[in-house]
Protein chains: 2
Amino acid sequence: MSSFTEENYLKIIYNLSAWQEGEVSTNALAEQTQTRAASVTDMLRKLADKNLIHYKKYQGVRLTPEGERVALQVIRKHRLWEVFLVDKLGFGWDEVHPLAEELEHINSEKLIQKLDAFLGHPSADPHGDPIPDPAGRMPHPEHCRLTEVVPGQAVVLVGVTEHSAPFLQFLDRTGLTLGCRLEVVEVNAFDGSVQVGISGNAPQFVSQAVARNLLVS
Amino acid sequence: MSSFTEENYLKIIYNLSAWQEGEVSTNALAEQTQTRAASVTDMLRKLADKNLIHYKKYQGVRLTPEGERVALQVIRKHRLWEVFLVDKLGFGWDEVHPLAEELEHINSEKLIQKLDAFLGHPSADPHGDPIPDPAGRMPHPEHCRLTEVVPGQAVVLVGVTEHSAPFLQFLDRTGLTLGCRLEVVEVNAFDGSVQVGISGNAPQFVSQAVARNLLVS
DNA sequence: ATTAAAATTTAGACCAATCTAAAAATTTAT
DNA sequence: ATAAATTTTTAGATTGGTCTAAATTTTAAT
Ligand SMILES: [Mn+2]
Ligand SMILES: [Mn+2]
Ligand SMILES: [Mn+2]
Ligand SMILES: [Mn+2]
């Protein structure tokens, strides 16, 4: 059995590994866990003792197959609870992450199986992130960033790579909800901003910083 | 803010107070919390420092108004989650208590308000226990034990005072589900057992030990 | 190749929640 | 009223997760 804290470390290691090649650093974990590097080192020794991570001093860390299994279960629970909060309870997609951070640590195979069925076996959470299947297999849907779309192309918004409440609230105000149709009119070579028609409306400018965090397909 | 552990102590003190007059003893708390008396004493000092309980050494303990407020919030959450698990996810009433023990510690006013609305503002949990309102007022519905019903009287099963899984599963097998009609045919003076018609079926015998834990109105 | 800077680990401490063993207070029995 | 039994509290230790400050290792710069 893994504690609340251990599960958080494993999940964070998984997520950091997904966005960079090679091992995860102690400092990166300290930042994500909101603790100090010394505390991270202590926890890494414990996780290594439990064979949940591969760890060599000063060399960074990566998950073992068992560690990855645990991480994927936690992520599965997190994302299913987010779907519940948005689809069933009517929360906004900008509000649910902190609640899911708590709910994800409730450990009951049966609970999550029944929740999954109640939600209709969703394949993605409210931010478009894929939900691992019960066996812990993570789907890898086809998509690219809005910055990579060529002018004239029409696409659908399927996900975001930034989850902060201010960013998501900005998208709400701009009409950029998941599933909306986007038609790229022009990519500004000067600042990388994108002129885009949202759901058939008159084109608007979206900064490169925003466009970079929009996943489309 | 109260920790997970503190909330459990307050809830248990509330429940023990409801079933006996006067203060709650250290040993009773040790039994309910599955810890040792020494651990209870430590925690009582902490709760007293936070003004959540009245505590005089060797004299037992009772909740302050603030302690009772916290306890009732936890109980409200516990019972709402039990309704969710049974009504929405399809759990049996014998399975939900341990899960609710975990879910009750998720602290979000908004979550519980939305959950309450989603469930249609239920007034009782799957065991017939009343759900405190958002302000923490606990309803006290009219009811009595089946052992107090006189022969010939027809009543409705509205609650149980024993929550163990074996007991609840026995009720399921016997057809004693919440809301069913009960007609008391005879109370056996010898062993206190009750002969009762369940939902219009041929009368059956129910032991006094069982009848004592059935609430009717 | 040295040196400076940055990252990481160790040493030693703290806090919450628990334990066992022993001491003190209260209750019950004689 | 005294002694015995029970309950409760104290003393001292442990575990998980965290911290600061200092030492060590790795990486980057000269
Ligand atoms: Mn999230
Ligand atoms: Mn998400
Ligand atoms: Mn319960
Ligand atoms: Mn209940």
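Conventions adopted
- Residues numbered from 1 in each chain as written.
- Chains lettered and ligands numbered in written order.
- Predicted model: local features only at pLDDT ≥ 70, side-chain atom pairs only at ≥ 80, totals over all residues.
- Heavy atoms only, no water.
- Near = heavy atom within 4 Å.
- Polar contact = N/O pair within 3.5 Å; in protein donor to acceptor, adjacent residues only side chain to side chain.
- Helix = DSSP H or I, 4+ residues; strand = E, 2+ residues; numbered from the N terminus.
- Core = buried A, V, L, I, M, F, W, Y, C linked by side-chain atoms within 4.5 Å.
- Buried < 20%, exposed > 50% of the residue type's maximum accessible area, 1.4 Å probe, protein only.
- Pairing = 2+ DSSP bridges.
- Donors = N, O, S within 2.8 Å, 3.2 Å for Na, K, Ca; no water.
- Domains from an automatic or database assignment.
- Contact = heavy atoms within 4.5 Å.
- Salt bridge = Lys/Arg side-chain N within 4 Å of Asp/Glu carboxyl O.
- Nonpolar A, V, L, I, M, F, W, Y, C, P; charged D, E, K, R; others polar.
- Buried area = accessible area lost by both parts, 1.4 Å probe.
- Least-squares fit on C-alpha atoms with pLDDT ≥ 70 in both.

### Some details on the protein's contact with DNA strand C
Near DNA strand C, the surroundings consist of 20 residues, among which Y55(A), K57(A), S3(B), S39(B) and K46(B) are the closest. If you look at DNA strand C and keep only atoms within 4 Å of the protein, 76% of those are sugar or phosphate atoms. A distance of 2.8 Å separates a phosphate oxygen of DNA strand C from a polar atom in the backbone of N27(A). Separating a phosphate oxygen of DNA strand C from a side-chain N or O atom of T41(A) is a distance of 2.9 Å. Contributing elements (two or more residues each) for the surface near DNA strand C: α2 (26–33) and α3 (37–49) of chain A together with α1 (4–19) and α3 (37–49) of chain B. If one sorts the elements of the surface near DNA strand C by residue count, α3(B) sits on top with five residues.

### Focus: the nonpolar core
In terms of nonpolar packing, the biggest core is built from 32 residues, with W81(A), F84(A), L85(A), L115(A), F84(B), L85(B) and L115(B) touching the most fellow members. Broken down by secondary-structure element, the contributors of at least two residues to this core are α4 (65–88), α5 (96–103) and α6 (109–118) of chain A together with α4 (65–88), α5 (96–103) and α6 (109–118) of chain B. In terms of nonpolar packing, the next biggest core, distinct from the first, is built from 24 residues, L16(B), A28(B), V61(B) and M138(B) among them.

### Here we look at the pairing of strand β5 (residues 181–187) of chain A
Residue and element names in this part refer to chain A. Bridging between strand β4 (residues 154–160) and β5 involves three bridges; their strand directions are antiparallel. By the bridge assignment, V156 is partnered in β5 with R181. Sheet topology places β5 next to strand β6 (residues 194–198); five bridges connect them, and they run antiparallel. When the sheet's bridge partners are listed, E186 is paired in β6 with Q195. The loop that links β5 with its antiparallel partner β6 comprises six residues; one of these, G192, has a positive phi angle of about 75 degrees.

### Some points on the coordination of the manganese ion (ligand 1)
Angles at a metal have ideal values that depend on geometry: 109.5 degrees with four tetrahedral donors, 90 or 180 degrees with six octahedral donors. Residues and elements named next belong to chain A. Protein coordination at the manganese ion (ligand 1): the donors are H78 (NE2), E82 (OE) and H97 (ND1), at 2.0 to 2.1 Å from the metal. When the donor residues of the manganese ion (ligand 1) are listed from N- to C-terminus, their spacing reads H-x3-E-x14-H. With a relative accessible area of 33%, H97 lands in the partly exposed category.

### So, the domain arrangement of chain A
Buried accessible area, meaning the area lost when the parts come together, often serves as the stated size of an interface. All names here are of chain A. Domain annotation of chain A identifies domain 1 (4–63), domain 2 (73–140) and domain 3 (144–216). Facing the six residues of domain 1 at the interface are nine residues of domain 2. Put simply, domain 1 and domain 2 have two salt bridges between them. Close ionic contact of K11 with E101 constitutes a salt bridge, the shortest N to O distance being 2.8 Å. Taken together, domain 1 and domain 2 are joined by five residue pairs in polar contact (both at pLDDT 80 or more). Among the residues making up the side of domain 1 that touches domain 2, the classes are represented as two nonpolar, two polar and two charged.

### Here's the deal with the interface of chain A and chain B
Taken together, the contact pairs 20 residues of chain A with 20 residues of chain B. Here chain A packs against chain B, burying approximately 1700 Å² in sum over the two surfaces, 76% of which is carbon and sulfur. Contact with chain B buries area across many residues of chain A, yet L89(A), I106(A) and K114(A) alone supply 29% of it, more than any other trio. If you look at where chain A meets chain B, you find two salt bridges. Here E95(A) makes a salt bridge to K110(B), at a shortest N to O gap of 2.5 Å. Our count for the contact surface shared by chain A and chain B stands at three residue pairs in polar contact (both at pLDDT 80 or more). Going through the elements one at a time, α4, α5 and α6 of chain A are the ones with two or more residues in the side of chain A that touches chain B. Taken together, the residues of the side of chain A that touches chain B break down into 11 nonpolar, four polar and five charged.

### Concerning the relation of the copies chain A and chain B
Expressed as a screw operation, the relation of chain A to chain B combines 0.0 Å of axial shift with a rotation of 180 degrees, fitting to an RMSD of 0.1 Å. Classification of the inter-copy transformation places it as that of a two-fold axis. Distance from the rotation axis, computed per C-alpha, reaches its smallest value in chain A at L103(A): 3.8 Å. When the interface residues of chain A are mapped onto chain B, 100% of them again fall at the interface, so both copies present the same face.

### Section: the coordination of the manganese ion (ligand 3)
Residue and element names in this part refer to chain B. Bound to the manganese ion (ligand 3) are the protein donor atoms H78 (NE2), E82 (OE) and H97 (ND1), situated 2.0 to 2.1 Å from the metal. The metal-metal distance between the manganese ion (ligand 3) and the manganese ion (ligand 4) comes to 3.4 Å, with E82 coordinating both. Of this pair, H78 and E82 are both found in helix α4, four residues apart, which corresponds to roughly one turn of the helix. We note that H78, like E82, is buried.

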